[in-house]
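Summary of the model geometry
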Amino acid sequence: MLKKSFYVTLIIFIIGASAVIGTSIYTLYSKKKVSVDPRLKEISGIEFDKSMQLWAINDGGDDAKLYRLADDGSISKEVLVTNAKNIDWEDMTQNDFGHFFLGDFGNNKQERKWLTIYKIENPIDIKGNTTQAEIIKFTYPELDDKPVAPDKRNFDLEAFVSFGRHLYLFTKNRTKPFDGITNVYKVGDHAANFDAQLIDSFQTCTTMEKLCWITSAALSPDRKKLVLLDSTSIWLFENFEGDKFFSGDVSLIDLGIVTQKEAITFYDENTLIFTDEEFKGIGGNAYVVKLDEVEKKVIRSAPTQ
């Protein structure tokens, strides 16, 4: 009798777990728009040009190239940045004037002291297949020549946005024990060597680091909404004051199953595009999220005046 009860319980658990997994898969794949060209197998940043064509970059190890995606996900054009290297390209953003910024600031081992951001013209203005970049360098004033202690390892980067005349960098936390805090640093948006200025922080979660690492960021065209991406969710920040992005309303959008989600951008004020990398047949797609159609879990509401 006890054995029968055990098997009944096990079957119920398996059915329940299967239902949860199935729902989680549907949550993600119901948003799928298109599969991305396999040459972008490590897609790490996306951005729309002034004619609303989508451009993408690969993670470190690829050439210093931007790739324009056609509507079917294939690559329709490549642009080489001739004075750049792709050591660890991790995100892409643009400013109000249409300049693109390419973030070569991945720092997994916390050993890179100087990081690089490449600034180029809007790709629609590039006539051929090559361009040159303005080079922005920055370092963290907290770093010295000593190895970073495990509980201080918060100097990796995979996410940034342009706001005003500055770039805002959101760290990918690698602390041990994991404390879930993404720090926000500010640097200028023009060629120079900068000490990155720490201005704010936000805690995502403290449980499983790979579920709440911040891997990309985007600001809406009107600069009134900020989103941060992790492997399961979109963090949405609204009604903030100036560049105090975490001062307003915070909500969470569930994206379903865990995949390596690495890039996000706004198409318009209400529409987000995000991508994930392909791994063992899962992912490798571009997805669409309509902010007025998805369920948003309220994390915090800004205090009323």
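Heads up: the structure comes first, above all this text.
Residues numbered from 1 in each chain as written. Predicted model: local features only at pLDDT ≥ 70, side-chain atom pairs only at ≥ 80, totals over all residues. Heavy atoms only, no water.

A word on the overall build of the protein chain
- The number of helices and strands found in the protein chain is one helix and 23 strands.
- Taken over the C-alpha atoms alone, the protein chain extends approximately 75 × 45 × 45 Å along its principal axes.
- Partitioning the intrachain contacts of the protein chain with sequence separation of at least 6 by distance along the chain shows that 52% fall at a separation of at least 24.
- Within the structure as shown, the protein chain displays about 14,800 Å² of accessible surface, and the carbon and sulfur contribution to it stands at 55%.
- A gap of 3 Å separates the mean positions of the 37 positive and 46 negative side-chain charges of the protein chain. (Helix = DSSP H or I, 4+ residues; strand = E, 2+ residues; numbered from the N terminus. Contact = heavy atoms within 4.5 Å. Areas by Shrake-Rupley, 256 points an atom, 1.4 Å probe, with all protein chains shown as cover. Lys, Arg positive; Asp, Glu negative; His and termini not counted. Charge placed at Lys NZ, Arg CZ, Asp CG, Glu CD.)

A short note on the state of the cysteines
- Applying the stated criterion across every chain yields a total of one disulfide.
- Shown here is the disulfide that connects Cys205 with Cys212, its sulfur atoms set 2.0 Å apart. In this structure, the disulfide formed by Cys205 and Cys212 twists by about -65° around the S-S bond and is classed as left-handed.
- Using a relative accessible area of 19% as the deciding quantity, one classes Cys205 as buried.
- For Cys212, a relative accessible area of 5% translates into the label buried. (Disulfide = S-S within 2.5 Å. Buried < 20%, exposed > 50% of the residue type's maximum accessible area, 1.4 Å probe, protein only.)

Quick look at the pattern of salt bridges
- Throughout the structure, instances matching the rule amount to nine salt bridges.
- Here Asp104 and Arg112 are joined by a salt bridge, their closest N and O atoms 3.4 Å apart.
- Between Lys172 and Glu158 there is a salt bridge, with the nearest N and O atoms lying 2.8 Å from each other. Of this pair, Lys172 sits in strand β12 (residues 166-172) while Glu158 sits in strand β11 (residues 156-163); the two residues are 14 residues apart in sequence, bridging distant segments of the chain. Here the two residues Lys172 and Glu158 agree in accessibility, since each one is buried. (Salt bridge = Lys/Arg side-chain N within 4 Å of Asp/Glu carboxyl O.)

Section: the pairing of strand β19 (residues 249-254)
- Where strand β18 (residues 233-238) lies against β19, six bridges are found, and the strand directions are antiparallel. What sits directly across from Glu238, in β19, is Asp249. (Pairing = 2+ DSSP bridges.)

A closer look at the sheet that holds strand β15 (residues 197-203)
- One open sheet accounts for four strands, arranged β11-β12-β13-β15; its pairing is antiparallel. The sheet terminates laterally at β11 and β15, the two strands that pair on one side only. On average, each strand axis in the sheet is inclined to that of its neighbour by 25°, with strand direction left out of account.
- Here six bridges tie strand β13 (residues 181-188) to β15, and the two strands are oriented antiparallel to one another. Residue pairing in the sheet places Val184 in a bridge with Asp200 of β15. (Axes fitted to C-alpha atoms, helices over the stretch in contact; angles between N-to-C directions.)

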